[in-house]
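# Survey of secondary and tertiary structure
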Amino acid sequence: YVNGTGVDQSAKEAARWFQLAAKQGHARAQKYLGTMYEFGNGVQRSLTEAVRWYRLAAEQGYAAAQASLGVMYENGAGVDQSVTEAVRWYRLAAEQGHARGQKYLGTMYEFGSGVQLSLIEAVKWYRLAAEQGYAEGQTNLGVMYVNGAGVDQSSKEAARWFKLAAEQGHDR
């Protein structure tokens, strides 16, 4: 129902099915339901409900939910803001190889938010995300090369990473 594959597209109907699976402990359904609550897609928007469903999936080790829960903590959306908690969830996702979690963790290191500032650690996490083809990781790694932050300055390396990101339509 989310994509309308074989059925009429209906966010409301998708939410109903995700709810049924999520209540049975299906982590992926819990994460999708959290996203629907976060953005009010097919359900009444509720950041508190989004956090609840993200947490249930995250506690099962579902990396995408861990990254999403980290965002909620970083922004204080549906929970009290806590960069320490954000870092904890980003790290759990990142250590499982989740590119978005790696990029977010890199950002926390780049700016010293919830962790000791470390440009070398930031580069490490950006590179891991970038090497998976994650455009935001590629862009951030390119910026680090432009500025010589955590790496030797290299316009050539910066251009390589920016080009890879741009080929995916990332224009930052």
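Right, let's walk through the structure included here. Everything numeric in this text was worked out from a predicted model, so none of it was measured.

Glancing now at the overall build of the protein chain. Scanning the protein chain from terminus to terminus reveals 9 helices and 0 strands. Traced from its N-terminal end to its C-terminal end, the protein chain shows the element sequence α-α-α-α-α-α-α-α-α. By residue count, 44% of the 172 residues in the protein chain fall in the buried class. Contacts spanning at least 24 positions in sequence make up 42% of the contacts within the protein chain whose residues lie at least 6 apart. By element, 49% of the accessible surface of the protein chain is carried by carbon and sulfur atoms, the whole surface being about 9000 Å².

With 45 residues, the main nonpolar core has Leu69, Tyr90, Leu105, Leu141 and Met144 as its most contacted residues. The leading source of residues in this core is helix H3 (residues 47-58), at 6 residues. Apart from the residues lying within four places of it in its own chain, the contact partners of Tyr90 are Ala67, Gly70, Val71, Glu74, Gly101, Tyr104, Leu105 and Met108.

Turning our eyes to something else, we now look at the packing of aromatic side chains. Aromatic ring pairs are reported here in terms of the distance separating the ring centres and the angle at which the planes meet. Summed over all chains, the structure comprises 2 aromatic pairs. For the pair Phe18 and Tyr32, a centre-to-centre distance of 5.1 Å together with 20° between the ring planes defines the contact as stacked. Pair noted here: Phe18 is in helix H1 (residues 11-23) and Tyr32 is in helix H2 (residues 27-39), with a separation of 14 residues, a long-range link. With a relative accessible area of 18%, Phe18 lands in the buried category. Between the aromatic rings of Tyr90 and Tyr104, the centroid separation amounts to 5.0 Å while the plane-to-plane angle is 40°, which identifies the pairing as tilted. One end of the pair, Tyr90, is in helix H5 (residues 83-95); the other, Tyr104, is in helix H6 (residues 99-111), and 14 residues separate them in sequence.

Before going further, it helps to spend a moment on the pattern of salt bridges. If you walk through the whole model with that rule in mind, you get 7 salt bridges. We note a salt bridge from Arg52 to Glu49, for which the minimum N-O separation is 3.2 Å. Here Arg52 and its partner Glu49 are both found in helix H3, 3 residues apart, which amounts to about one turn of the helix. On the basis of relative accessible area, Arg52 is assigned to the partly exposed category, the value being 38%. Where Arg160 meets Glu157, a salt bridge forms, and the shortest distance between an N and an O atom there is 3.3 Å.

Let us now look at H5. Along its 13 residues, H5 runs 18 Å from first to last C-alpha, staying within 8% of the 18 Å computed at 1.5 Å per residue. Turning to H5, its buried residues are Ala86, Val87, Trp89, Tyr90, Ala93 and Ala94. Its buried side turned inward, H5 meets H3, helix H4 (63-75), H6 and helix H7 (119-131). The first or second residue beyond H5 is Gly97, which carries a positive phi of 90°.

For any two helices packed against each other, one specifies the crossing angle of their axes together with the interaxial distance. Relative to each other, H3 and H4 sit at 140°, their axes nearing to 8 Å. The orientation of H3 relative to H4 falls into the category oblique. The element H3 and its partner H4 pack so that their crossing is left-handed. Across from Leu47, Ala50, Val51, Tyr54, Arg55, Ala57 and Ala58 in H3, the residues of H4 making contact are Ala65, Gln66, Ser68, Leu69, Met72 and Tyr73. Of the residues in the contact of H3 with H4, the class split is 10 nonpolar, 2 polar and 1 charged.

Moving on: a nonpolar patch on the surface. On the surface, Tyr1, Val7, Trp17 and Leu20 cluster together into a nonpolar patch covering about 360 Å² of accessible area. On the basis of relative accessible area, Trp17 is assigned to the partly exposed category, the value being 44%.

Cut-offs used in this document
- Residues numbered from 1 in each chain as written.
- Predicted model: local features only at pLDDT ≥ 70, side-chain atom pairs only at ≥ 80, totals over all residues.
- Heavy atoms only, no water.
- Helix = DSSP H or I, 4+ residues; strand = E, 2+ residues; numbered from the N terminus.
- Buried < 20%, exposed > 50% of the residue type's maximum accessible area, 1.4 Å probe, protein only.
- Contact = heavy atoms within 4.5 Å.
- Areas by Shrake-Rupley, 256 points an atom, 1.4 Å probe, with all protein chains shown as cover.
- Core = buried A, V, L, I, M, F, W, Y, C linked by side-chain atoms within 4.5 Å.
- Phe/Tyr/Trp six-rings, centres within 6.5 Å; stacked < 30°, edge-to-face > 60°.
- Salt bridge = Lys/Arg side-chain N within 4 Å of Asp/Glu carboxyl O.
- Expected span 1.5 Å × (residues − 1).
- Axes fitted to C-alpha atoms, helices over the stretch in contact; angles between N-to-C directions.
- Parallel < 35°, antiparallel > 145°, perpendicular 65-115°, else oblique.
- Left-handed = near helix turned anticlockwise from the far one by under 90°.
- Nonpolar A, V, L, I, M, F, W, Y, C, P; charged D, E, K, R; others polar.
- Patch = residues over 30% accessible without salt bridge, like charges linked within 9 Å, V, L, I, M, F, W, Y side chains within 5 Å.

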